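# Results of the structural survey
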Amino acid sequence: GAVVSQHPSWVICKSGTSVKIECRSLDFQATTMFWYRQFPKQSLMLMATSNEGSKATYEQGVEKDKFLINHASLTLSTLTVTSAHPEDSSFYICSAGTSGETQYFGPGTRLLVL
Amino acid sequence: QQQVKQSPQSLIVQKGGISIINCAYENTAFDYFPWYQQFPGKGPALLIAIRPDVSEKKEGRFTISFNKSAKQFSLHIMDSQPGDSATYFCAASISNAGNMLTFGGGTRLMVKP
């Protein structure tokens, strides 16, 4: 149980294009989903928290117009990197949690912007 | 301050040895302390977790020791194996605050055959 999937697992795009990453909780309903960014050999950096049906809460320094988060249902959240640039290249990881439980992480999406 | 400090940053252990990773926290409101294991190119996977009402929790070769008064907790990996080579993150959260995790900086463990 407690499986979280991400799609795609990796993506290469040209600078200026937008990329959408999906995060799904496969066997449970997630009241909250989280999006992280991880640079090589570093810890996870929380980008935003989203609850189903409401606007995401972004961490300080994260551009909400650049990283669009939609939490359409209790099992699906999407992160769209708009007008991606090389500095947006990173490993993006989502997690999902239920009330009173810990977070379960997806396998991550590696984004490379050329 | 919402911060969790983890040490060491890297650790090399011989096969069969004990790996010990330590974490210290500041916020006494934290009431849930999970450990995550992450392999390269993968997302973190929950390894073991503890709440402050117990001082130790063991699952197989993995043990968490918790010292509430010192605001410290540690992960012990007994009989370490090369397959345990990964990055380990401790974390802390407040259950009634949306389960937002505060992560330690991570420890890269290498178990030599």
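Going by the structure above, here's the rest.
Criteria and cut-off values
Residues numbered from 1 in each chain as written. Chains lettered and ligands numbered in written order. Predicted model: local features only at pLDDT ≥ 70, side-chain atom pairs only at ≥ 80, totals over all residues. Heavy atoms only, no water. Buried < 20%, exposed > 50% of the residue type's maximum accessible area, 1.4 Å probe, protein only. Helix = DSSP H or I, 4+ residues; strand = E, 2+ residues; numbered from the N terminus. Pairing = 2+ DSSP bridges. Disulfide = S-S within 2.5 Å. Patch = residues over 30% accessible without salt bridge, like charges linked within 9 Å, V, L, I, M, F, W, Y side chains within 5 Å. Areas by Shrake-Rupley, 256 points an atom, 1.4 Å probe, with all protein chains shown as cover. Salt bridge = Lys/Arg side-chain N within 4 Å of Asp/Glu carboxyl O.

### Some remarks on the pairing of strand 2 (residues 10-13) of chain A
One face of the sheet, then the other: side chains in a regular strand alternate in exactly this way. All names here are of chain A. Burial along strand 2 is one-sided: Val11 and Cys13 are buried, while Trp10 and Ile12, pointing the other way, are not. Bridge count between strand 2 and strand 11 (residues 109-113): four bridges; the pairing is parallel. Its bridge partner being in strand 11, Cys13 is matched across the sheet by Val113.

### Structural notes on the state of the cysteines
Tallied over the full model, the rule gives two disulfides over all chains. Paired by a disulfide, Cys23 of chain B and Cys90 of chain B hold their sulfur atoms 1.9 Å apart. Between Cys23 of chain B and Cys90 of chain B, the S-S dihedral sits near -100°, and the bridge is therefore left-handed. With Cys23 of chain B in strand 3 (residues 19-25) and Cys90 of chain B in strand 9 (residues 86-92), this residue pair connects regions lying 67 residues apart in the sequence. Each member of the pair Cys23 of chain B and Cys90 of chain B is classed as buried. Unpaired in this structure, Cys13 of chain A has its nearest cysteine sulfur neighbour in Cys94 of chain A, at a distance of 18 Å.

### Some details on a nonpolar patch on the surface
Taken together, the side chains of Trp10, Ile12, Leu112 and Leu114 of chain A present a nonpolar region at the surface, about 450 Å² in accessible area. Here Leu114 of chain A shows up in the segment after strand 11.

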